[in-house]
Amino acid sequence: MNTKIQLSDHFTYRRLLRFVLPSIVMMIFTSIYGVVDGLFVSNFVGKTPFAAVNLIMPFLMMLGCLGFMIGTGGSAIVAMTLGEGKKDLANAYFSMMVYVTIAAGILLAILGIITVPAVSVMLGAQGEMLSHCILYGRILLPAVPAFMLQNVFQSFLVTAEKPQLGLAVTVGAGLTNIILDALLVAVFPMGIVGAALATTISQMVGGLVPLVYFCKSSSGLLHLGRPCFYGKILVKTCLNGSSELMTNLSMSLVNILYNFQLMRFAGEDGIAAYGVIMYVNFIFIAMFVGYSIGSAPLTSYHYGAHGLDEVRNLLHKSLVITGTAGVVLTGLAEILAFPLARIFVGYDPELYAMTGRGFMIYSLSFLIMGFNIYGSAYFTSLGNGAVSAAISFLRTLLFQVVAVMGLPFLIGLDGIWLAIVAAELPALAVTGYFFVSTRKRYFPAFPAP
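Residues numbered from 1 in each chain as written. Predicted model: local features only at pLDDT ≥ 70, side-chain atom pairs only at ≥ 80, totals over all residues. Heavy atoms only, no water.

Could you give an account of the overall build of the protein, naming the residues involved and the relevant values?
Scanning the protein from terminus to terminus reveals 16 helices and 0 strands. For the protein, whose C-alpha radius of gyration is 21 Å, the value lies close to the compact-globule estimate of 22 Å for 449 residues. With the principal axes as the frame, the protein shows a C-alpha extent of 60 × 50 × 40 Å. For the protein, buried positions account for 59% of its 449 residues. Just so you have it, the protein exposes about 17,200 Å², and 71% of that area is on carbon and sulfur atoms. Computed over 22 positive and 17 negative side-chain charges, the inter-centroid distance for the protein is 13 Å. (Helix = DSSP H or I, 4+ residues; strand = E, 2+ residues; numbered from the N terminus. Rg over C-alpha atoms; globule rule 2.2 N^0.38 Å. Buried < 20%, exposed > 50% of the residue type's maximum accessible area, 1.4 Å probe, protein only. Areas by Shrake-Rupley, 256 points an atom, 1.4 Å probe, with all protein chains shown as cover. Lys, Arg positive; Asp, Glu negative; His and termini not counted. Charge placed at Lys NZ, Arg CZ, Asp CG, Glu CD.)

Following this line, the structure appears as structure tokens:
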């Protein structure tokens, strides 16, 4: 019996979870890159280099986030085109998006190498921390094109009905990072240089292996063809994926703001504690992001094929799964907060206590944020980039800026950890508003009274 799951299928809970599971695991392994670097740098190199990595990382992530925009926005368009039965045109769109990603990645890498010293100073790095920021950044920046391709292919491998290949590539890249970190930081004490090289090589694996696959594959749903340019489609891709771009840019900008406030209220220890919380947080929210990436092409395909009953089915099941996952993840985070903090900073009792308490407060946001992440991705999959971008802008930037700037002056350091919860609550109200206000067009599960 053929057990292959196709975009055109009807999805039960079991079938839906089987289809999205590779994307979830793929995102978890992607998040492991920074986690492993932080773990080895903190325990084998020291607190100051660890703080330097956390300080410069948002800038490095900003340069690579264009790949998320092209991947999510473009895969929705390609999946809809496949749903309309236009396979050749879908492949032409896909090819253009990959080539644009490569060109943009090269330009951004050059820009980053030139500007990383000035950016490090602007972020507040001085002395030893400044030299670590520049060194780490300049080793990672040449891999920006590969990192962007990895982000693009995370979405397109699902659209190509190859989520297992995406999982295998990401696991391979993650294992590469872990093994090289162990060798270059723990066994051969190359310090922050070893950590940066490990991440750079792993990103090359994650981005270039799928590129080779799509170059050689001619029998699958998607493959790379001749360079061609569709200006209107590229603009539509950017607009449709603008929410993901906004999410990742906003996260980087807000992380910079968090570091600024933490330096003010807790010094270098605050930045180190926040770094640990972010590393662990990435793994937890990877479940929400992975589910959204994995399920989005299904919605796009059925919307393009005018299968509104299946769109309704996917929406209902996704909301149930997201809510259940939020409760489970919050409970796990509360239980594991201090054990996880001990792994990273157990060598410093004061820093350990700050980190454990901070994560217990921060993790309350997992109850809410899954709905907002899914809601934004859902509107992207329907081709409504404006609504998706509005949700992302409000939850990841505006609400968080207000919270992180205001709460610490009311309740001190705990206000910084609580800012994410204060931002997700109004964002949930906004997401719910868009669900209801657009129900006549998109959501037959919510008929007008």
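Account for the environment of G415, with residues named and values stated.
Mapped onto the secondary structure, G415 falls in helix 16 (residues 413–437). Along the backbone, G415 and T72 are 343 residues apart, and their C-alpha atoms lie at a distance of 33 Å. Residues contacting G415, with those up to four places away along its chain left out, are L407 and P408. (Contact = heavy atoms within 4.5 Å.)

Now, about the confidence of the model for the protein: what can you tell me, with residues and values included?
For the protein, the average pLDDT comes to 86, and 96% of its residues sit at 70 or higher. Averaged pLDDT values over the elements of the protein bottom out at 79 in helix 10 (residues 242–265) and peak at 93 in helix 13 (residues 349–362). Across residues 444–449, where pLDDT falls below 50, the model places 12 contacts with residues more than four positions away in sequence or in other chains. (pLDDT = per-residue confidence, 0-100.)

Any details on the side chain of S75? Residues and values, ideally.
Inspection of the secondary structure puts S75 in helix 3 (residues 66–83). Note on S75: relative accessible area 7%, which makes it buried. Aside from chain neighbours lying at most four places away, what touches S75 is I70, S155, F156 and T159.

Let's hear about the nonpolar core: which residues, and what values?
One finds I56, V78, F94, Y136, F153 and W417 to be the most contacted residues of the largest nonpolar core, which totals 122 residues. For this core, the element with the highest residue contribution is helix 11 (residues 267–304), accounting for 17 residues. Once you skip the residues sitting within four places of it in the chain, F153 turns out to touch F94, V98, G207, P210, L211 and F214. Core analysis: the next-biggest nonpolar cluster, separate from the first, contains 7 residues, V387, L394, F434 and F435 among them. (Core = buried A, V, L, I, M, F, W, Y, C linked by side-chain atoms within 4.5 Å.)

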